[in-house]
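Coordinate inspection notes
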Amino acid sequence: CDWRDVSYIMHRGGTMIGTARCKEFMTREGQLKAAENLVKAGINNLVVIGGDGSLTGASIFKDRWSGFLQELVKNGRLTAEQVSKYSYLNIAGLVGSIDNDMCGTDMTIGTDSALHRIVEAIDCITSTASSHQRSFVMEIMGRHCGYLALMAGIAGSADWVLIPENPPKPGWEDVMCKKLERCRDRGRRLNLILIAEGAVDQKNQPITAQHVKKIIDDKLHYDTRITVLGHVQRGGKPSAYDRILGTRMGAAAS
């Protein structure tokens with residue numbers, strides 16, 4: 001492996017080596033097998049790129065490393081000479097997640113690109129919504145973090161945004177409908193409501209796109225449609241910001 005193996009791939013999204021979640025690695029036996037494979041391949045330095053699951057798993061794996069080596073020698077799967085060269089495991093973690101929900105970094109790799117996808121979708125929907133004077137309820141990814149929905153709401157001129165970090169007060173349905181009605185009264189030809197997928201009210205009850213649509217249908221009788229962007233947000237070419245961020249993080253990790 002040399003620099004040629006990672007050249008001219010910066011414009012591509014996703015993973016080039018095909019890494020993904022592995023159910024086997026979530027078990028102790030799976031991690032033991034991974035430790036054996038790493039020693040046999042002569043590897044004890046890892047750069048782990050991922051979100052909460054990947055980095056938590058990497059931390060647990062590192063904590064168990066010494067015990068795994070002792071067990072592998074005891075069971076005869078490795079020799080003492082083999083493990084002597086790899087008594088420690090170095091791990092550098094790079095936070096890659098569109099949710100932007102990890103501490104220790106202002107922006108996670110992938111967030112900016114996902115935000116671009118969302119804003120592009122909003123721009124496309126705005127055209128048809130304005131033409132037909134419709135209301136659109138859009139569900140945005142982000143799990144328990146409302147960053148994408150909030151930033152997309154600002155960039156896309158949304159009328160209402162619902163995020164997990166700010167559960168609306170009781171009666172929010174009427175407040176929202178009055179806001180949407182005022183927008184129409186002032187000549188706006190459409191309404192745009194963004195909902196983070198983890199949005200809840202103050203009773204910790206989920207707020208779904210279907211629920212919001214029903215509220216608008218029942219109270220305002222506007223022609224309302226739902227758009228769930230789903231995994232479209234996770235694909236496509238990375239933005240310039242993400243290319244630079246990934247490169248700088250990779251250089252620091254190495």
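Residues numbered from 1 in each chain as written. Predicted model: local features only at pLDDT ≥ 70, side-chain atom pairs only at ≥ 80, totals over all residues. Heavy atoms only, no water.

Now for the packing of helix α4 (residues 111-132) against helix α5 (residues 147-155). Between α4 and α5, whose axes approach to 10 Å, the crossing angle comes to 45 degrees. Accordingly, the angle class assigned to the pair α4 and α5 is oblique. Two packed elements cross with a definite hand, and for α4 against α5 that hand is right-handed. Between α4 and α5, the residues in contact are Thr111, Ala114, Leu115, Ile118, Val119 and Ile122 and Tyr147, Leu148, Met151, Ala152 and Ala155, respectively. Looking at the contact of α4 with α5 residue by residue, the class counts come to 10 nonpolar, 1 polar and no charged. (Axes fitted to C-alpha atoms, helices over the stretch in contact; angles between N-to-C directions. Helix = DSSP H or I, 4+ residues; strand = E, 2+ residues; numbered from the N terminus. Parallel < 35°, antiparallel > 145°, perpendicular 65-115°, else oblique. Left-handed = near helix turned anticlockwise from the far one by under 90°. Contact = heavy atoms within 4.5 Å. Nonpolar A, V, L, I, M, F, W, Y, C, P; charged D, E, K, R; others polar.)

A few words on the packing of helix α6 (residues 172-185) against helix α7 (residues 209-219). Interaxial distance between α6 and α7 falls to 11 Å at its minimum, and their mutual angle equals 65 degrees. Viewed along their axes, α6 and α7 form a crossing whose handedness is right-handed. Contacts between α6 and α7 involve Trp172, Glu173, Asp174, Met176, Cys177 and Leu180 on the former and, on the latter, His211, Val212, Ile215, Ile216 and Lys219. In terms of residue class, the contact of α6 with α7 is built from 7 nonpolar, 1 polar and 3 charged.

A word on the sheet that holds strand β5 (residues 191-196). Across the sheet, which stays open at both edges, the 4 strands sit in the order β4-β5-β3-β6 with parallel pairing between neighbours. Edge positions in the sheet fall to β4 (160-162) and β6 (224-228), since each has one partner strand and no second. Across the sheet, the axes of successive neighbouring strands diverge by a mean angle of 15 degrees, strand direction being ignored. Where strand β3 (residues 135-140) and β5 come together, 6 bridges link them in parallel fashion. Residue pairing for β5: phenylalanine 136 is matched across the bridge by leucine 192. Sheet contacts for α6: β3, β4 and β5; angle to β4, the most-contacted strand, approximately 155 degrees. Packed onto the sheet, α7 meets β3, β4, β5 and β6 and runs at close to 170 degrees relative to β6. (Pairing = 2+ DSSP bridges.)

Another aspect to go through is the nonpolar core. Counting residues in hydrophobic clusters, the biggest one holds 22 residues, and the most contacted among them are Ile118, Ile122, Met138, Ile140, Leu148 and Leu194. At the level of elements, α4, β3, α5 and β5 are the ones that each hand at least two residues to this core. Looking at this core element by element, the count peaks at 8 residues for α4. The residues touching leucine 194, leaving out its near neighbours within four places in the chain, are Ile122, Met138, Ile140, Ala149, Ala152, Gly153, Ala158, Trp160, Val161 and Leu162. In this structure, Cys177, Ile195, Val212 and Leu220 belong to the second largest nonpolar core, which totals 17 residues. (Core = buried A, V, L, I, M, F, W, Y, C linked by side-chain atoms within 4.5 Å. Buried < 20%, exposed > 50% of the residue type's maximum accessible area, 1.4 Å probe, protein only.)

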